[in-house]
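These are the residues of each chain, in order.
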Amino acid sequence: MATFLYKLGRLAFRRRHFVALIWVALLTLAGVGAASAPPAGNTSFSIPGTEAQKAFDLLEQRFPGASADGATARVVFKAPGGQKMTDAGNKATVQKTVKELSDGSEVASVADPYTGHAVSKDGTVAYTSVKYKVSGMELEDSSRTALKDAAQHARDAGLTVEIGGDALSAAPETGATEVIGIAIAAVVLVITFGSLLAAGLPLLTAIIGVGIGVSSVTALASALDLGTTTSTLASMIGLAVGIDYALFIVSRYRGELAEGHSREEAAGRATGTAGSAVVFAGLTVVIALVGLSVVNIPMLTKMGIAAAGTVVIAVLIALTMIPALLGYAGRKVKPAGEKSRLLGGGRAAKKPARTNMGTRWASFVVRRPVAVLLLGVVGLGAAAVPAASLELGLPDDGSQPVSTTQRRAYDLLSEGFGPGFNGPLMVVVDAKKSADPKAAFTQVTDDIKGLKDVVTVTPAQPNKAGDTATITVVPNSKPSSTTTEDLVHAIRDAGSGIKDKTDAEVLVTGSTAMNIDVSQKLNDALFPYLALVVGLAFLLLIVVFRSVLVPLKAALGFLLSVMAALGAVVAVFQWGWLSGLMGVEETGPVMSMMPIFMVGVVFGLAMDYEVFLVTRMREAYVHGEKPSQAVVTGFRHGARVVTAAAVIMIAVFSGFIGSSESMIKMIGFGLAIAVFFDAFIVRMAIVPAVLALLGRRAWWLPAWLDRALPNVDVEGEGLRAHDARRPDPDEDREPALA
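Below, the structure is looked at part by part.

How each quantity is defined
- Residues numbered from 1 in each chain as written.
- Predicted model: local features only at pLDDT ≥ 70, side-chain atom pairs only at ≥ 80, totals over all residues.
- Heavy atoms only, no water.
- Helix = DSSP H or I, 4+ residues; strand = E, 2+ residues; numbered from the N terminus.
- Buried < 20%, exposed > 50% of the residue type's maximum accessible area, 1.4 Å probe, protein only.
- Contact = heavy atoms within 4.5 Å.
- Pairing = 2+ DSSP bridges.
- Axes fitted to C-alpha atoms, helices over the stretch in contact; angles between N-to-C directions.
- Left-handed = near helix turned anticlockwise from the far one by under 90°.
- Expected span 1.5 Å × (residues − 1).
- Core = buried A, V, L, I, M, F, W, Y, C linked by side-chain atoms within 4.5 Å.
- Phe/Tyr/Trp six-rings, centres within 6.5 Å; stacked < 30°, edge-to-face > 60°.
- Lys NZ or Arg CZ within 6 Å of the ring centre and 35° of its normal.
- 1 Å grid on protein atoms, 1.4 Å probe; cavity = no way out; pocket = protein on both sides within 12 Å on 5 of 7 lines; lining within 4 Å.
- Points joined across faces, edges and corners; volume = space filled by probe spheres on them.
- Nonpolar A, V, L, I, M, F, W, Y, C, P; charged D, E, K, R; others polar.
- Patch = residues over 30% accessible without salt bridge, like charges linked within 9 Å, V, L, I, M, F, W, Y side chains within 5 Å.
- Areas by Shrake-Rupley, 256 points an atom, 1.4 Å probe, with all protein chains shown as cover.
- Salt bridge = Lys/Arg side-chain N within 4 Å of Asp/Glu carboxyl O.

Moving on: the overall build of the protein chain. Broken down by element type, the protein chain carries 23 helices and 11 strands. Counting over 738 residues, the protein chain shows a buried share of 55%. Expressed as a percentage of contacts within the protein chain between residues at least 6 apart in sequence, the contacts between residues at least 24 apart total 80%.

Before going further, it helps to spend a moment on the sheet that holds strand S1 (residues 72-78). Picture the strands of a sheet paired through backbone hydrogen bonds; they go either parallel or antiparallel. With antiparallel pairing, the four strands of this open sheet are ordered in space as S2-S3-S1-S4. Every interior strand has two partners, whereas the edge strands, strand S2 (107-110) and strand S4 (160-164), have only one. The mean inter-strand angle of the sheet, taken between neighbouring strand axes irrespective of direction, is 20 degrees. Relative to S4, S1 runs antiparallel, the two being bridged by five bridges. Among the inter-strand pairings, Phe-77 is bridged to a residue of S4, identified as Val-161.

Here we take up the packing of helix H19 (residues 594-622) against helix H21 (residues 662-694). Helix-helix packing: each pair is described by the crossing angle between the helix axes and the interaxial distance. It is the contact of H19 with H21, at a shortest axis distance of 9 Å, that shows an interaxial angle of 35 degrees. Where H19 crosses over H21, the handedness of that crossing is right-handed.

Given a rise of 1.5 Å per residue, 21 residues ought to cover 30 Å, and the 30 Å separating the end C-alpha atoms of helix H15 (residues 482-502) matches this to within 8%. Within H15 the residues assigned to the buried category are Thr-484, Leu-487, Val-488, Ile-491, Arg-492, Gly-495, Ile-498 and Thr-502. Looking at the residues trailing H15, positive phi occurs at Asp-503, about 65 degrees.

As a further point, take the nonpolar core. Of all hydrophobic cores here, the largest spans 168 residues; its most connected members are Tyr-245 and Phe-558. Take this core: its biggest share by element is 19 residues, from H19. Beyond its immediate stretch of four places on either side in the chain, Phe-558 contacts Leu-530, Val-534, Val-599, Val-602, Phe-603, Ala-606, Met-607, Asp-678 and Arg-683.

Moving on, we get to the packing of aromatic side chains. Taken as a whole and assessed by the stated rule, the structure comprises nine aromatic pairs. Seen from their ring centres, Phe-417 and Phe-421 are 4.7 Å apart, and the 20 degrees between their planes marks the pair as stacked. Residue Phe-417 shares its accessibility class with Phe-421, and that shared class is buried. By the ring-pair criterion, three or more aromatic residues cluster together here, those being Tyr-127, Phe-417 and Phe-421. The ring of Phe-13 carries the charged tip of Arg-16 above its face, separated from the ring centre by 5.3 Å. When the ring centre of Tyr-127 is taken as reference, the NZ or CZ atom of Arg-74 above it lies at 5.2 Å.

Once that is clear, we can look at empty space enclosed by the protein. In this structure the tally under the stated criterion is two cavities of 30 Å³ or more. Taken as a whole, the largest cavity holds about 50 Å³ of empty space. In terms of lining residues, the largest cavity is bounded by Thr-205, Ala-206, Gly-209, Val-210, Gly-238, Gly-242, Ala-246, Thr-310, Ala-314, Ile-317 and Ala-318. The class makeup of the residues in the lining of the largest cavity is six nonpolar, five polar and no charged.

We note that Asn-296 has phi near 65 degrees; this positive angle belongs to a residue other than glycine. For Asn-296, a relative accessible area of 40% puts it in the partly exposed group. A positive phi angle is found at Arg-546, which is not glycine, with a value near 50 degrees. Residue position: Arg-546 is located in the loop between helix H16 (511-545) and helix H17 (549-574).

Right, let's talk about a nonpolar patch on the surface for a bit. On the surface, Val-294, Leu-532, Leu-536 and Leu-539 cluster together into a nonpolar patch covering about 330 Å² of accessible area. Looking at the element boundaries, Val-294 is found in the loop between helix H9 (263-290) and helix H10 (298-329). Looking at Val-294, the relative accessible area reads 42%, which means it is partly exposed.

Fair warning: the whole summary comes from geometry, so function is off the table for now.
Next comes the structure, spelled out in structure tokens:
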């Protein structure tokens, strides 16, 4: 592989005009597609194989035209102090609002609070439910505007009015912190390379890669039902890995220049060696992201595949566009050890030999491996302790910031009707096989009334055929509580007995039941997914490192870092530690998909640093150094760059903590803290300590396995044989220090 990539790097360097033209054309094509495509909305949320989804599909079939998947809005009214919603003036205002809401072309129905028993017992709060013919993703802006205008007219009449439901769902905003993250990345690159131009190359190529990836996602969003979260995730991961991959190749290029190679030769060697590490690091990320499809949640699958596509683009750009841009840059990109004139360079870089920080740190770890190993493991173990209290759920209006109308509507409904009113359960009774459907409906209603934590059970509402009915159940507890979850299971358990008696099937659905089923599905899929992703990557790393213990150590180190990161997420988003600093206005359960998502993404990113750092150690060991010295050599060449890459990735992910959407905020924080733990504790401390303790055993591989594995030559050993067979390049060699 090293020889192939070496030739690719030299070709891209020589044919830089052609390479640049191809990538600019792809960016233009993707941009035009994104500009002409219809806008994306919130992706539809279906969970195949769950009872809640089965009930939802049954409603679509048995209640045609009911717009079961249509957007909903709850307009909540509160009377001024000392008044009631039943007062003549307030009642007239509400009825006028109901009439105004009914005029929309996309509105399916609007319920009158005074005929639908939607006024609280104390008379201070009332609400009307608005049902739309289309989903929230398809709802036109004019319908949202009409909804807001109707609410404002009621406010002008003196009422407090708030709006809940999914009809007002908006695209998340990331704010200025995302830009700050990119600015920090730029500063780190300038410090690392000592050159504005060299620092700009990774940023430029990463932005081009993300532009192509996100524009492609945007262009396909409507056709493939991709939500706004999908493109946000693709940009987050694509930007981080794009900068890192380019950083490693540019850094290796400067090192090759310092050894006296011509610029074309240096570009080829950098692509052949660092580029090989980029390919395998990218493969681990892609495996982890595409592997999310095994969970069988369409939204998660689409997010993973879109992000994986952006990573593939980042790898291809690093292997082709970086050598091409290095060709354009010429002598402006200095050899390692030199700075540009703007940053104080322009003079000879030769100085008395001085060990760098990476060498000094690695030498310390090699001398004290046991102490460093214990300290790292104990520290990560302590950070992981909060993960034992992990509570999972999906965000609802109750997790929104208190500044939003959705959250205020949620609080008003809780105040007027009880906390469970925000998460009603819909029970669907399929009595098509029952001899007496009406008796079955009555049996189900009576049995549910006898369960604990039930406040209200509405009478069964049958369809026209009379073979299916819906029953609304209002719990006594809030939607995200374990008590409500127990009630859902209790209804389903009661349904088993009812089916034996009446042949009617009882299904529980609604947003609350869907959230419960999603959490359970994700929990059930976590360990199979972990085994699949870690297993495939383990095999890949055996091929890369030609060792059994090094990949095993990499996997165990990842488990430590991901558990510590989950502990930090629980501490901030569930317990509320540092919540003000992170902009978390409301604590609560951790998003259900967070553990499995972090396992996938963090594993891929963790293996980046493993590959980049340990391949330099492997390279030194293969070339004859002792194991302990190879560790030091790997750090001398790689620690500075890996540190810069980690800081950049942390900065990029931290930029998304400023998002207005809780899911994006949590993902940004979780990935940033996970990279910190993995890069600076696992890879920089635990890995060299373990390798120092293992010695030559670290690179042990059974002879039969060594013969069976393909030789991918990540270390660039094949380039030495290639050099012996080829004459010097026709380009004149330049001195290492200009």
